[in-house]
Amino acid sequence: MKRLKLAITGLTACSGCQLTLLNCEDELPELLERCELIYFPLAESGDLDEASFDAAIVEGAVSTPKDLELLFKLRNASRLLVAYGTCALFGGVAAMNNRVSARVDLLQSVFGTGNKLPDSFPPVPLGNFVSVDATITGCPPETCDIVAMVAALAAGTLPPAPSYPVCTECRSRENLCLLLEKGQLCLGPVVQGGCNARCPATGIVCEGCRGPVREANVAQELELLLERGFGRDEIERRMSRFKPEWNYGQRS
Amino acid sequence: MEKNFLKMTRLVQFLETLRLFGELHAPTISESGVYRFSPLDDPAELRLDYHRTQIPPKKYLLPFREEILHNATGSYREGHSGAKDLVLFGVHSCDLEGIAYLDRVFLADAADPGYSARRSRLTLVGVSCEPDDFCFCPEERESTACDLFLGASGEGFHLACHSARGRAVVSAADHLLEQGPPLPPPRFSGPCFPPQDPELRFSDHPLWQKFASTCVSCGACSVCCPTCYCFDVREYPTLSGGAARIREWDNCLFVTHGEVAGANFRPDRLDRLRFRFLHKYCGFTPLQGISSCVGCGRCKEVCPVDIDLRELTVTPKRVQP
Amino acid sequence: MNQQPHSQHVPFAAHLIERRDLSEDTALFRIAPDEGALAQLFSFVPGQFVQLSVPGAGEIPISPADLPTPEGTLELCVRRVGHVTELLHELQPGATLGLRGPFGSGFPLKEMAGRPVLLLAGGLGIAPLRSLLMHLLRQRDSYGDITLMYGAKQPRLMLFREELAALAAAGGLRLYLTVDFAPETLDGGYSCAVGLLPDLLKGFRFDAATTYAAVCGPPPLYRCLVADLERAGVHAERILLSLERRMRCGIGRCCHCALGQKLCCLDGPVFRASDLKGIPEAL
Amino acid sequence: MGSVVEIAPLTRLEGHGSVRVFREGCRVERVELHFDDSPRLFEALLLGKSYAEVPDIVCRICSLCSTVHKVTALLAVEDALGVEVSEVTTLTRDLMLQAGMIQDHALHLYCLVLPDLLGVRGVAELAQVAPDLLKTGLAVKKAGNQILETVGGRLIHPVNIRLGGLGRALGKKELVRLRDELAKVLPAAQEAHRLFSTPFPFPDLPEPEYIALQPADNPLGAQLLRMSDGSSFPVRDYRRHIEETVVGHSNAKLSRVFGKHATVGSLARLNLDATGLEAGAAALFAGHKHELAGKDMRGNNLAQAIEMCHATERALRLLDRLIELGARSEAAAEPSPRAGTGCAAGEAPRGVLIHSYSFDGRGICTGADVITPTALNQGALARDLEALARGMEGEETSRMTTALERLIRCYDPCISCSVHVLSL
Ligand SMILES: Cc1cc2nc3c(=O)[nH]c(=O)nc-3n(C[C@H](O)[C@H](O)[C@H](O)COP(=O)(O)OP(=O)(O)OC[C@H]3O[C@@H](n4cnc5c(N)ncnc54)[C@H](O)[C@@H]3O)c2cc1C
Ligand code: SF4
Ligand code: SF4
Ligand code: SF4
């Protein structure tokens, strides 16, 4: 069997997505057999020069010129580019204030006003700069999703992605509905499922780490939350934790 | 006179007898306060005062997600059905009718292998219930779609057998039973919401618009419905080079439900609500003309925006637009 | 339950013998189903569909483009549109596929016997109609006039052009080809009109009172063709449409393919126009 | 003529970094350490967020240490709001910290350091040359991960540990299963030290100035930072003693403690106070004392191996205690917002971590500081790199770069973390 040539790396991120791959302890030996990890700085020495890949799996948002340079290199060098994780797909936590504060103010509040500031810009998804062929969502993503992705890539295809909200799985695993029964700020109805409703299963609201589900009725969710007494700014703050921009008027 | 009465005080012993017929599952309450069917390790956990479980017993017959086929060597093989002897105790009439409906779908010609394997090893013990505000039941009901039904009565339960397995249970529990007054005939069995006129879905009822704009497509109504069974099938390559085909509950309220290459036959939420109406209350081939609403009240209870499609069947004057 | 493969649920193996490109996105796949599958296919009626599995990608409904051959092969004409079809198009001869079926109802051949048949195909709709055509021509004497009107977007998207021309030349088939857009240069020695299928139909003189019309194409085509045919005098009961829906099981369980209260996989995919009246979402 | 040797990117560690060695002939002029991760500016992002949101957001600083970030953030917020938590909550958080330590040390030792010892590129080759060792390492890691997954509700960025308590109480069955799984890998955790006991043979480095939290046996209640020169100060006063400067070539700021480059991490912890070690680990430490006491960072991998054993033993003890207490579902204490500042410190796998937050009367965050171990270590690391490079003047360049990389892996830096530092 031909081995899949992979690049796995991260841009502006916490490495959680890449670590998720290393957390597939049971599958790792088999995975290493199927794939050649040509570029995977987190776990492998080696460099990018002259290499070409069947797929590049990229975690993180783009927020520095170096990120961008690496991203372009990977795009040029690989047949498929996979946006891996919420940061890569929507900007993620680092982007949460993109719409409400200027980058330079944020930088100065951390690095001080007198100092030379790092060369960086507001974090944005990979898709803002290059074409993305496949996506894995989640902060961090589920281990089964990355295994399925690698297996599919090795088979010459992509894994079919289901598209239902967190509520679907949440109800199916017989969690208490925190929105209905407890009046909590749960984003389940508008967020892409696939995590088996991890958070509501522990009694904690869905914070929306997997980004919007395909036909999110955002306007109705907003209404539901307003009805339950949450302020508009609080709701927007919570919604933008992983994805700064939402269309609050969207109904389908 | 028959020995057909079980005193409440003997219930625990009766449950032990049921264990002879398989792993015993019954209504319990979870830590967070959700009623569900779960293994009954300790009879003290039994909650016969429940109104409805969040997920109906269909989860035992059609798991949320199931590997139906796998392909290791180039050819497909049936997945493992996971069938084992199971006794489901304390099922209400509505849920029994729900299973009866699913049986008509999945045990019909070319019976579904997984479903039928699990179904054939399932013993159903029904119990009578007290309807609450969410229930759609028009009158008290006693379903016969089970092996054995326990009708609450005074200090205990009347036992009514509806199958050979039910009779086997009763004879195994013979020493626990006593003679009771003769059983009244079952009052009413079957789905409870009458079939509707399919044309109603094209009515200019204002509720259609309202429902379509408020529905969040969370899927809860259908996930929790005892007779919803739409499924999606997806196939995933495995690392070893084979493939696994999984079947997962699908939902007619999702935009993907009617999508084909280049078109969507139900592009708007309104179209999909109509579809749901049609399937629930009018039925599809080969169950056309049969309503599948068994009156359990789950969809109404779990909907975050209070959609109740049955309201559409009330004359428009009487509902607030 | 027995662990034996059950014909309706477990695909039989089928091997890809040959693939031939018909256009940039459509190819003809000749497959050799194994014995179990062939035994099932024995009963195949044109218009029925099979569930084709591409291991690792999934299963899709496909209407065979020909009757099973005596040597035990089957031809499928498949357009590359998405997940499963992409991978199928990557496969090399020798690859193992999976096959279930045939499922659904085919064309009412018995009823059509002795009658003129008008086949109207748009685009990829030629696939199911080709198997019907092959059947009609093989039993040529049992039917009346046979006419095929086939419209494609452009000449290079016209599938089976040479083959259809040869069949027409051999007699027994009246062939009308049309394209939506003006051809670049037309090679081949037969004429090809520029215009839409309904335009062709307008000038066509036939015995509307007895003719059976078999139609397959993209949804918008159905709407105008059915009206035109009815206007020309073909009774809706004799207008046969092959419909396409999303299907997951092929045997009436997954519920995706419903149109009105009917299921495309059980009641169809071939429907009479008369059966679809009152089902606005059907066409 | 001057030349520059560049090692970029630094591999087998978290984040983006590079090293440049400036040479004049074979003489090493200076060494620059670059941490290139884009600052994600968490301290600024947290301003204006509600107290309840802080821990959920801030754990995303780093995935390797998300558990300890979350726990420390919870402690700091609870400190600010005056929230007391139950014994079960404390035990559970402690358990999470140990599990985080197990999985992180196992990952670093078996997947990132072991390739150096065996002379291979990384995990992939490791799977070929030493599949059994890799499997052992993965098994240890998995046992830690299972705890994080089950107890935390998610392996990375755990959700079940929350302000005031826990989301879902753990069932006895689950706890017993976790304990059994963990007990299975105890022997491997006890043996690991053998693999990492000889430091690589390159010139000695300057003697480090260790710093760690005290008391060592109470990871959730540590109040004091102690240094190897004997000085100490309360965590609360960290601002007065830790100073930071922005260096032009790195996106991380450089920290000094009492004007010195401090070293934090496993070796620092063991050197400063080994009394908190569990029995098995204590015995290992006693056996290896000569290799660890007062030694430079090359001993850190060995110290990590001993700590991995300690964390396993401690986690087993905590699990036993939790099983004994029985599953108790208790409502999390609901904090009520009030104005104030809270501060907490924890020992991350890589060393001391400090979180500090201020809130206004509505519970809205008005100030946030995070000091991470890698930020603290950065100065010492740069210093050691330079010393190492100097000590190897005249040696083959590739030998030198290899040694530099290995030294960096001894520090086990986490670069995403390093760019989060005290605001000035
Ligand atoms: C009875 C019948 C006969 C058919 N005969 C042929 C044929 O002879 N030749 C041919 O090329 N195609 C035929 N089709 C269409 C073919 O089934 C679809 O093109 C195919 O399923 C697309 O699958 P995919 O995985 O490649 O695309 P996907 O990636 O799944 O889908 C692309 C789009 O197609 C939709 N889709 C998914 N499943 C189906 C489905 N079963 N039918 C239609 N769209 C679907 C998806 O929702 C998506 O919008 C037939 C369909 C039916 C129902
Ligand atoms: S998506 Fe989450 S886990 Fe992944 S890199 Fe971003 S912050 Fe980390
Ligand atoms: S708890 Fe949240 S995710 Fe679960 S059903 Fe309720 S709203 Fe949906
Ligand atoms: S429940 Fe929500 S926040 Fe939790 S893992 Fe799923 S998508 Fe993410």
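What you are looking at is a predicted structure, and each value in this text was computed from that prediction instead of being measured.

1. Here we look at the overall build of chain A
Counting its regular elements, chain A contains eleven helices and five strands. For 252 residues, the compact-globule formula gives about 18 Å, and the C-alpha radius of gyration of chain A, at 19 Å, lands near that figure. In terms of principal-axis extent, the alpha carbons of chain A reach across some 55 × 55 × 30 Å. Put simply, chain A has 252 residues, and 67% of those count as buried. Contacts spanning at least 24 positions in sequence make up 75% of the contacts within chain A whose residues lie at least 6 apart. As displayed, chain A has an accessible area near 8,500 Å², and 48% of this comes from carbon and sulfur atoms. Separation of charge centres in chain A, based on 24 positive and 31 negative side chains, amounts to 4 Å.

2. Remarks on the interface of chain B and chain A
At the interface, 43 residues of chain B touch 37 residues of chain A. Carbon and sulfur atoms supply 59% of the area buried between chain B and chain A, which totals about 3,100 Å² over both sides. A per-residue breakdown of the area chain B buries against chain A is headed by Val-216, Pro-237 and Leu-239 of chain B, which together make up 23% of the total. On inspection of chain B and its partner chain A, the count reaches five salt bridges. Our count for the chain B to chain A interface comes out at 20 residue pairs in polar contact (both at pLDDT 80 or more). If you list the elements that add at least two residues to the side of chain B that touches chain A, you get β3 (35–39), α6 (206–214), α7 (220–223), β11 (231–237), β12 (243–249), α8 (269–281) and α9 (298–302) of chain B.

3. Examining the arrangement of the chains
When the five pairs of chains in contact are ranked by number of contacts, first place goes to chains A and D. Separating chain C from chain D is a minimum C-alpha gap of 25 Å, and the two share no contact.

4. What to know about the pattern of salt bridges
Under the defined criterion, the tally for this structure stands at 88 salt bridges over all chains. The partner of Arg-298 of chain B in a salt bridge is Asp-95 of chain B, with the nearest N and O atoms 2.8 Å apart. With Arg-298 of chain B in helix α9 and Asp-95 of chain B in helix α3 (residues 93–106), the pair connects residues that are 203 residues apart, well separated along the chain. Glu-405 of chain D is the salt-bridge partner of Arg-409 of chain D, the closest N and O atoms lying 3.0 Å from each other. Separated by four residues within a single helix, Arg-409 of chain D and Glu-405 of chain D lie in helix α13 (residues 397–411), roughly one turn from each other. With respect to burial, Arg-409 of chain D and Glu-405 of chain D carry one shared label: buried. Among the ionic contacts, a cluster of salt bridges with common partners joins Glu-207, Arg-237 and Arg-241 of chain A together with Glu-53, Asp-56, Arg-60, Lys-70 and Arg-154 of chain D.

5. Some details on the site of ligand 3
Residue and element names in this part refer to chain A. Ligand 3 sits among Val-166, Cys-167, Cys-170, Arg-171, Leu-176, Cys-177, Leu-178, Leu-179, Cys-186, Gly-188, Pro-189 and Pro-200. For the shell around ligand 3, the secondary structure elements donating two or more residues are α7 (166–172) and α8 (178–182). Here the shell around ligand 3 gets four residues from one element, more than from any other, and that element is α7. Tallied by class, the residues present in the shell around ligand 3 amount to ten nonpolar, one polar and one charged.

6. Considering the sheet that holds strand β1 (residues 2–7) of chain D
The strands making up a sheet associate through hydrogen bonds between their backbones, and the pairing can be parallel or antiparallel. Residue and element names in this part refer to chain D. On the basis of which strands lie adjacent, the open sheet formed by three strands has the order β1-β2-β3 and antiparallel pairing. Single-partner strands in this sheet number two, and they are β1 and β3 (27–35). Adjacent strand axes in the sheet meet at a mean angle of 20°, parallel and antiparallel pairs treated alike. Against the sheet, helix α12 (residues 373–391) touches β2 (17–24) and β3, its axis set at about 155° to β3. Lying over the sheet, α13 contacts β1 and β2, oriented at roughly 140° with respect to β2.

7. Observations regarding the site of ligand 1
Inspection of the region around ligand 1 gives 24 residues, with Ala-261 of chain B together with Pro-61, His-83, Val-84 and Thr-85 of chain C positioned closest. In this structure, ligand 1 is bordered by residues of chains B and C. In the model, a nitrogen atom of ligand 1 is placed 3.0 Å from a nitrogen or oxygen of the Ser-63 of chain C main chain. Between an oxygen atom of ligand 1 and a main-chain N or O atom of Arg-79 of chain C, the distance comes to 2.7 Å.

8. A few points about the sheet that holds strand β1 (residues 12–21) of chain C
Residue and element names in this part refer to chain C. Within the open sheet, the six strands sit side by side as β4-β3-β6-β1-β2-β5. Their pairing is antiparallel. Looking at the sheet topology across the chains shown, the edges are occupied by β4 (58–62) and β5 (74–79). Neighbouring strand axes in the sheet, compared pairwise and without regard to direction, differ in orientation by 40° on average.

9. Examining the domain arrangement of chain B
Residues and elements named next belong to chain B. Domain boundaries in chain B define domain 1 (3–179) and domain 2 (198–313). On the side of domain 2, 33 residues touch domain 1, which itself brings 37 residues to the contact. In this assembly, domain 1 packs against domain 2 so that about 3,200 Å² is buried in total across both faces, 61% of it on carbon and sulfur atoms. One can count five salt bridges joining domain 1 with domain 2. Among the ionic pairs, Arg-247 bridges to Glu-66, the shortest N-O distance being 3.3 Å. Of all elements in the fold, only α2 (58–61), β4 (65–71) and α3 reach the threshold of two or more residues within the side of domain 1 that touches domain 2. When residues of the side of domain 1 that touches domain 2 are assigned to their parent elements, the largest contribution, nine residues, is made by α3. Across the side of domain 1 that touches domain 2, the residue classes tally to 19 nonpolar, five polar and 13 charged.

10. Quick notes on the domain arrangement of chain A
Frequently, the measure chosen for interface size is the accessible area that the parts lose on association. All names here are of chain A. Split into domains, chain A comes out as domain 1 (4–154) and domain 2 (166–239). Once you take the C-alpha centre of each, domain 1 and domain 2 turn out to be 27 Å apart. A combined buried area of about 550 Å² lies between domain 1 and domain 2, and 47% of that area is made up of carbon and sulfur atoms. Contact with domain 2 buries surface across domain 1, with Phe-90, Thr-137 and Glu-142 losing the most and accounting together for 68% of the total.

11. Details of the pairing of strand β7 (residues 224–227) of chain D
All names here are of chain D. On β7, burial follows the alternation: Leu-225 and Met-227 on one face are buried, whereas Leu-224 and Arg-226 on the facing-out side are not. Examined bridge by bridge, strand β6 (residues 209–214) and β7 share four bridges and lie antiparallel to one another. If you follow Ile-211 over to β7, its bridge partner there is Met-227. Sheet analysis places β7 next to strand β8 (residues 232–234), joined by three bridges and oriented antiparallel. Its bridge partner being in β8, Leu-225 is matched across the sheet by Phe-233. Count of turn residues in the β7/β8 antiparallel hairpin: four residues, of which Gly-230 carries a positive phi of about 95°.

12. Side note on α3 of chain B
All names here are of chain B. Under the 1.5 Å per step criterion, the end-to-end length of α3 is 20 Å for 14 residues, consistent within 8% with the ideal 20 Å. Extensive coverage of α3 is indicated by the burial of twelve of its 14 residues. For α3, the complete set of buried residues consists of Ser-93, Cys-94, Asp-95, Leu-96, Glu-97, Gly-98, Ile-99, Tyr-101, Leu-102, Asp-103, Val-105 and Phe-106.

13. Describing the environment of Gly-17 of chain D
All names here are of chain D. Structurally, the position occupied by Gly-17 is in strand β2. Gly-17 sits in the buried class, given a relative accessible area of 3%. Separated by 17 residues in sequence, Gly-17 and His-34 place their C-alpha atoms 5.4 Å apart. For Gly-17, the residues in contact, after removing those within four places along its chain, are Ile-7, Pro-9, Leu-10, His-34, Phe-35, Asp-36 and Ile-415.

14. Here we look at a nonpolar patch on the surface
Residues Leu-117, Leu-118 and Val-129 of chain D make up a contiguous nonpolar surface patch of roughly 230 Å² in combined accessible area. The class of Val-129 of chain D is exposed, set by a relative accessible area of 51%.

15. Brief notes about empty space enclosed by the protein
It is a probe the size of a water molecule, rolled over the atoms, that shows where empty space is left. Residues and elements named next belong to chain D. If you walk through the whole model with that rule in mind, you get 16 cavities of 30 Å³ or more. The computed volume of the largest cavity comes to approximately 350 Å³. Along its surface, the largest cavity is lined by 24 residues, and Ala-216, Arg-269, Glu-307, His-310 and Glu-347 are the ones closest to its centre. Broken down by secondary-structure element, the contributors of at least two residues to the lining of the largest cavity are α4 (87–118), β6, α9 (266–272), α11 (300–325) and β12 (340–348). Across the lining of the largest cavity, the residue classes break down as twelve nonpolar, six polar and six charged.

Quick notes on the rules
- Residues numbered from 1 in each chain as written.
- Chains lettered and ligands numbered in written order.
- Predicted model: local features only at pLDDT ≥ 70, side-chain atom pairs only at ≥ 80, totals over all residues.
- Heavy atoms only, no water.
- Helix = DSSP H or I, 4+ residues; strand = E, 2+ residues; numbered from the N terminus.
- Rg over C-alpha atoms; globule rule 2.2 N^0.38 Å.
- Buried < 20%, exposed > 50% of the residue type's maximum accessible area, 1.4 Å probe, protein only.
- Contact = heavy atoms within 4.5 Å.
- Areas by Shrake-Rupley, 256 points an atom, 1.4 Å probe, with all protein chains shown as cover.
- Lys, Arg positive; Asp, Glu negative; His and termini not counted.
- Charge placed at Lys NZ, Arg CZ, Asp CG, Glu CD.
- Buried area = accessible area lost by both parts, 1.4 Å probe.
- Salt bridge = Lys/Arg side-chain N within 4 Å of Asp/Glu carboxyl O.
- Polar contact = N/O pair within 3.5 Å; in protein donor to acceptor, adjacent residues only side chain to side chain.
- Near = heavy atom within 4 Å.
- Nonpolar A, V, L, I, M, F, W, Y, C, P; charged D, E, K, R; others polar.
- Pairing = 2+ DSSP bridges.
- Axes fitted to C-alpha atoms, helices over the stretch in contact; angles between N-to-C directions.
- Domains from an automatic or database assignment.
- Expected span 1.5 Å × (residues − 1).
- Patch = residues over 30% accessible without salt bridge, like charges linked within 9 Å, V, L, I, M, F, W, Y side chains within 5 Å.
- 1 Å grid on protein atoms, 1.4 Å probe; cavity = no way out; pocket = protein on both sides within 12 Å on 5 of 7 lines; lining within 4 Å.
- Points joined across faces, edges and corners; volume = space filled by probe spheres on them.

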